[in-house]
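# Secondary and tertiary structure notes
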Amino acid sequence: MPPQLRTRRKTTQNPNPNQNPNQNPITKPETARGRRGRPARNRNHNTIALARDHEIIDNRLGLNNNNETNRVVVVEDEEEEEEHHAPQVRVSRDIKKQDIMDDDCDSGGRSADKAPAADDEGTTPPIPEKVQVGGSPLYRIDRKLGKGGFGQVYVGRRVGAGAGAPEVALKFEHKSSKGCNYGPPYEWQVYNVLGGSHGVPRVHYKGRHGDFYIMVMDMLGPSLWDVWNNKTHTMSAEMVACIAIEAISILEKMHSRGYVHGDVKPENFLLGSPGTHDEKKLFLVDLGLATRWRDNSTGLHVEYDQRPDVFRGTVRYASVHAHLGRTGSRRDDLESLAYTLIFLLRGRLPWQGFQGENKGFLVCKKKMATSPENMCCLCPAPFRKFIEYVVNLKFEEEPNYAKCISLFDGIVGPNPDIRPINTDGAQKLIYQVGQKRGRLTMEEDDDEQPKKKVRIGMPATQWISVYNARRPMKQRYHYNVADLRLPQHIEKGYEDGLFISSVACCTNLWALIMDAGTGFSAQVYELSSYFLHKEWIMEQWEKNYYISAIAGSTNGSSLVVMSKGTQYLQQSYKVSDSFPFKWINKKWKEGFYVTAMATAGSRWAIVMSRGAGFTDQVVELDFLYPSEGIHRRWDNGYRITSTAATYDQAAFVLSIPRRKPADETQETLRTSDFPSTHVKEKWSKNLYIASICYGRTVS
Ligand SMILES: Nc1ncnc2c1ncn2[C@@H]1O[C@H](COP(=O)(O)OP(=O)(O)OP(=O)(O)O)[C@@H](O)[C@H]1O
């Protein structure tokens, strides 16, 4: 079917007649481009970039000075709204660890691998028979204890020592391994700080032997995954509650030293060596993904950030924030611990079994959609309470470890000496907190107002509208506009001296914001059955129009508005099945900033422009309205400049303007219906719609 083409054009005189249109050749053609003025097309990515020698007419002042305060409100005939369920979108990530291995055959199997040293896989260079590092005695390498994505761990026996001499564990990392690009493994630094502290094995020596970096550490016993696996895939509630209690105390200690572990999972909790007095003691190993939550020099919490293309950890146990690429903080370890506990107790997590390229996205989506009640049905109540607590923690919030530990009191036997796991560390913590506060439990928090549940298991779609403070101006909105009625509203707006500033779509009905403060001098638009209609856009680019607003419908059509008088120098757009953060990141480095976004069903279209008038830009992407992230960004001077949402996710682009507006006020609203009455209230406070979209939030 040919694209449905409805193009209208509106031109006003350049209100800045002193500017010579031939004066100002600004952009250098992109090197990938062929003939002059032709866009460079990246065949693989449906990316079109145009570089043109042209001059920019900045009309902003001309129209912004309009002091008109009367506003015309045209409310479109109400029409029935249909509910459309968009298919799932994909998120591709930088996969750092073994997240591909998470499926029905458990990744944990690798730590039970007890092959002798000589039988090692052909891909890794052979482990030496004997090693001596960093002033250590000479060790003979014995059986293999385990293997991870980074290293291999073997038993070491001291050469010449008697049969009763204690064994050590040696972690080998080949110099060519991912973790050793810049010298010794990063994990060594973390062990320097944490080694030997509560629940972390002691490191005795470390150094290089041949092509291997080797760490000599306390020899430990089976991992919790091994124990679970040997026990027909179940564990008693008492055993898991003891693990919870002690694991929380280990994390508390690690956090108190400024680190988050970053990869909490059953494979990384080890018991002490069988037959030793530590055999019931819990340890946490693998510090390769540990990061600082507290800056060493300032003592302050590290800065919040979100980089949706960065994933660190293990898909099955990662916190939702880790999936979304947010800077790790203490809450993430506790969320991963909660999943670890439920896995040990129930033998399975609801998001196991996803496969394929967009597995990380599907797992994260499922985590968001699983309420604590559902995750913990048939589990004792403390486990649900623990999950509810941890998923509500804020980025910088200090977890109440003692309260978390006390949640499990009722499940474990009263006598710590006969518990299946040693809980000494937790007893000590509870005691210390009790001393400090004059009480042993943390019941005072029980009167707290119940927190808003963030994992509802029930998606909701809403209008998200963003309002900026501006000098009084005329703004008009239309909503529930069917395709055929678009032209008449737009033409009327043009006649009244308005230009389209934002467009949005709810199901297949359009919303249109037109105002007198755009600064545009001319505008064209097209309603097309394509998302997006490349040829038309290129044609308009050739005529010096730039994309100023876009929207897409669930049936895949799009409304693209292109204007003259923008401040843009060059523009590029991408249509993608998943939120294309990697591409955005790449374009940021080239001086482009996101200036418009839209979705059609599960697809995203992102427009980026040079000369956007921003000095920095960030993205907030979530399965719900990311209020914490937005507030943090606001505090740092960012303001929302683009929004778009699918049925699954909402994306917000926040920018720092090059020129600060006199009044930086920005407000957002989430409403089930188009916010017609709210808009009028906002207008009365000189707040005008700056961006609007319809899609995923949480009611
Ligand atoms: N001190 C130890 N004593 C006994 N076994 C150990 C010890 N340290 C590690 N292991 C075993 O070796 C396995 C791999 O160790 P570790 O997790 O440190 O390696 P890694 O390559 O960093 O793993 P990952 O891929 O999870 O990052 C562990 O799961 C465990 O079974």
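Please read all numbers here as calculations on a predicted model, not as lab measurements.

On the UniProt side, "binding site: ATP" (unreviewed entry) is annotated at positions that read Lys 171 here. Residue placement: Lys 171 occurs in strand 8 (residues 168-174). The buried category is assigned to Lys 171, whose relative accessible area is 12%. Leaving out residues up to four positions away in the same chain, Lys 171 has contacts with Gly 151, Gln 152, Val 153, Glu 187, Tyr 213, Ile 214, Met 215, Met 217 and Asp 286. One polar contact links Lys 171 to Glu 187, side chain to side chain, over a distance of 2.9 Å.

Between helix 4 (residues 237-256) and helix 6 (residues 330-346), the shortest axis-to-axis distance is 10 Å and the interhelical angle comes to 165 degrees. By the criterion of interaxial angle, the relationship of helix 4 to helix 6 is roughly antiparallel. Crossing of helix 4 against helix 6: the hand is right-handed. Contact residues: Ala 237, Val 240, Ile 243, Ala 244, Ala 247, Ile 248, Leu 251 and His 255 in helix 4; Arg 330, Asp 333, Leu 334, Leu 337, Leu 341, Leu 344 and Leu 345 in helix 6. For the contact of helix 4 with helix 6, the residue count by class is 12 nonpolar, 1 polar and 2 charged.

It is worth spelling out the side chain of Arg 633 at this point. Inspection of the secondary structure assignment puts Arg 633 in helix 15 (residues 627-635). Here Glu 620 takes part through its side chain, which lies 3.0 Å from a polar atom of the side chain of Arg 633. When sequence neighbours within four positions are dropped, the list of residues in contact with Arg 633 reads Tyr 304, Asp 305, Gln 306, Val 618, Val 619, Glu 620, Tyr 638 and Leu 654.

Glancing now at the nonpolar core. If you look at the biggest cluster of nonpolar residues, it comprises 89 residues, and the most contacted ones within it are Ile 243, Leu 337, Leu 341, Phe 383, Phe 386 and Phe 408. It is helix 4 that provides the largest number of residues to this core, a total of 12 residues. Two domains share this core, each providing at least three of its residues, namely domain 1 (130-217) and domain 2 (222-438). If we ignore the near neighbours within four places in the chain, the residues touching Phe 408 are Ala 241, Ala 244, Ile 245, Ile 248, Leu 341, Pro 382, Phe 383 and Phe 386.

Often the size quoted for an interface is simply the accessible area lost on bringing the parts together. Per the domain assignment, the segments making up the protein are domain 1 (130-217), domain 2 (222-438) and domain 3 (459-698). A C-alpha centroid distance of 26 Å is found between domain 1 and domain 2. Listed as interface residues are 12 residues of domain 1 and, on the opposing side, 18 residues of domain 2. Here domain 1 packs against domain 2, burying approximately 1300 Å² in sum over the two surfaces, 67% of which is carbon and sulfur. The three residues of domain 1 that bury the most area against domain 2 are Leu 194, His 198 and Gly 199, which together make up 41% of that side's buried surface. On inspection of domain 1 and its partner domain 2, the count reaches 0 salt bridges. Of all the elements, helix 2 (residues 186-194) adds the most residues to the side of domain 1 that touches domain 2, at 6 residues.

On to the UniProt feature "domain: Protein kinase" (unreviewed entry) in the protein, then. On the UniProt side, "domain: Protein kinase" (unreviewed entry) is annotated at positions that read residues 139-418 here. Segment residues 139-418 splits into 32% helix and 19% strand. End C-alpha atoms: 36 Å apart.

A word on helix 4. Spanning 20 residues, helix 4 covers 28 Å between terminal C-alpha atoms, matching the ideal 28 Å at 1.5 Å per step. Of the residues one or two after helix 4, Gly 258 is the one with positive phi, at around 95 degrees.

Take the packing of aromatic side chains next. For the coordinates displayed, the defined rule picks out 25 aromatic pairs. Between the aromatic rings of Phe 172 and Phe 212, the centroid separation amounts to 5.6 Å while the plane-to-plane angle is 90 degrees, which identifies the pairing as edge-to-face. With Phe 172 in strand 8 and Phe 212 in strand 10 (residues 212-218), the pair connects residues that are 40 residues apart, well separated along the chain. As far as burial versus exposure is concerned, Phe 172 and Phe 212 are alike and both buried. Centre to centre, the rings of Tyr 477 and Phe 674 are 5.2 Å apart; their planes meet at 40 degrees, and the pair counts as tilted. Pair noted here: Tyr 477 is in strand 18 (residues 475-481) and Phe 674 is in the loop between strand 30 (666-671) and helix 16 (676-684), with a separation of 197 residues, a long-range link. Taking the relative accessible area as the measure of exposure, Tyr 477 reaches 0% and is therefore buried. Here Phe 674 falls in the buried class, since its relative accessible area comes to 6%. Among the aromatic residues, those joined into a cluster by ring pairs are Trp 463, Tyr 477, Tyr 479, Phe 674, Trp 683 and Tyr 694. Above the plane of the ring of Tyr 213 lies Arg 208, whose end atom (NZ or CZ) is 5.2 Å from the centre.

To continue, consider the pattern of salt bridges. This model, assessed by the stated rule, comprises 22 salt bridges. Residue Glu 187 pairs with Lys 171 through a salt bridge whose shortest N-O separation is 2.9 Å. Linking Glu 187 in helix 2 with Lys 171 in strand 8, this pair joins segments that are 16 residues apart in sequence. Considered together, Glu 187 and Lys 171 belong to a single accessibility category, that of buried residues. Between Lys 587 and Glu 590 there is a salt bridge, and its shortest N-O distance comes to 3.0 Å. You can call Lys 587 buried: its relative accessible area is 4%. Put simply, Asp 305, Arg 326, Glu 620, Asp 622 and Arg 633 are held in one network by salt bridges that share partners.

In space, the 3 strands of this open sheet follow the order 30-17-31, with antiparallel pairing throughout. Edge strands, defined here as strands with exactly one partner in the open sheet, are strand 30 and strand 31 (687-697). Taking each pair of neighbouring strands and ignoring which way they run, the sheet shows an average axis angle of 20 degrees. In this sheet, strand 31 lies alongside strand 17 (residues 460-469) in antiparallel orientation, the contact comprising 10 bridges. Counted as the bridge partner of Ser 465 is Ile 692 from strand 31.

Cut-offs and rules
Along each chain, residues carry numbers from 1 onward, in the same order as the chain's sequence is written. Under the rules for a predicted model, residues below a pLDDT of 70 receive no local features and side-chain atom pairs below 80 are neither given nor counted, while totals for whole chains, interfaces and linings still include all residues. Hydrogens and water molecules were not included; the side-chain quantities draw on all heavy atoms of the structure. UniProt positions are given in the numbering used here, feature names are shortened, and annotations may be inferred rather than shown by experiment. Labels follow the DSSP assignment, with helices taken as runs of H or I lasting at least four residues and strands as runs of E lasting at least two, numbered in each case from the N terminus. Categorising residues by exposure relies on relative accessible area from a 1.4 Å probe, with only protein chains included: less than 20% of the type maximum marks a residue as buried, more than 50% marks it as exposed, and the intermediate range marks it as partly exposed. Residues count as neighbours in contact if any of their non-hydrogen atoms are within 4.5 Å of one another. Residues adjacent in sequence count toward polar contacts only when both atoms are side-chain atoms; beyond that, a polar contact is any pair of N or O atoms within 3.5 Å, and within protein one must be able to donate a hydrogen and the other to accept it. Orientation is described by axes fitted as lines to C-alpha atoms, over the contacting stretch for helices, and by angles from 0 to 180 degrees between their N-to-C directions. Every angle not falling under 35 degrees, over 145, or within 65 to 115 is termed oblique; those three ranges are roughly parallel, roughly antiparallel and roughly perpendicular. By definition, any crossing whose near helix is turned counterclockwise from its far helix by less than a right angle is left-handed, and any crossing with a clockwise turn is right-handed. Amino acids outside the nonpolar list (Ala, Val, Leu, Ile, Met, Phe, Trp, Tyr, Cys, Pro) and the charged list (Asp, Glu, Lys, Arg) are all regarded as polar, and Gly is one of them. As used in this record, nonpolar core signifies buried Ala, Val, Leu, Ile, Met, Phe, Trp, Tyr and Cys residues forming a set joined through side-chain atoms within 4.5 Å. Domain extents, as shown, originate in an automatic or database domain assignment. Put simply, buried area is how much 1.4 Å-probe accessible surface two parts lose in total, over both of them, once they are put together. Take a side-chain nitrogen of Lys or Arg and a carboxyl oxygen of Asp or Glu: if they are within 4 Å of each other, that pair is a salt bridge. In a helix, the anticipated span is given by 1.5 Å times the number of residues less one. For this analysis, a ring pair means two rings from Phe, Tyr or Trp (six-membered ring only for Trp) whose centres lie within 6.5 Å, classed as stacked if their planes differ by under 30 degrees, edge-to-face if by over 60, and tilted for the remaining angles. Look at NZ for Lys and CZ for Arg. If either is within 6 Å of the ring centre and within 35 degrees of the ring normal, a charge sits over the ring. Here, any two strands with at least 2 DSSP bridges between them count as paired.

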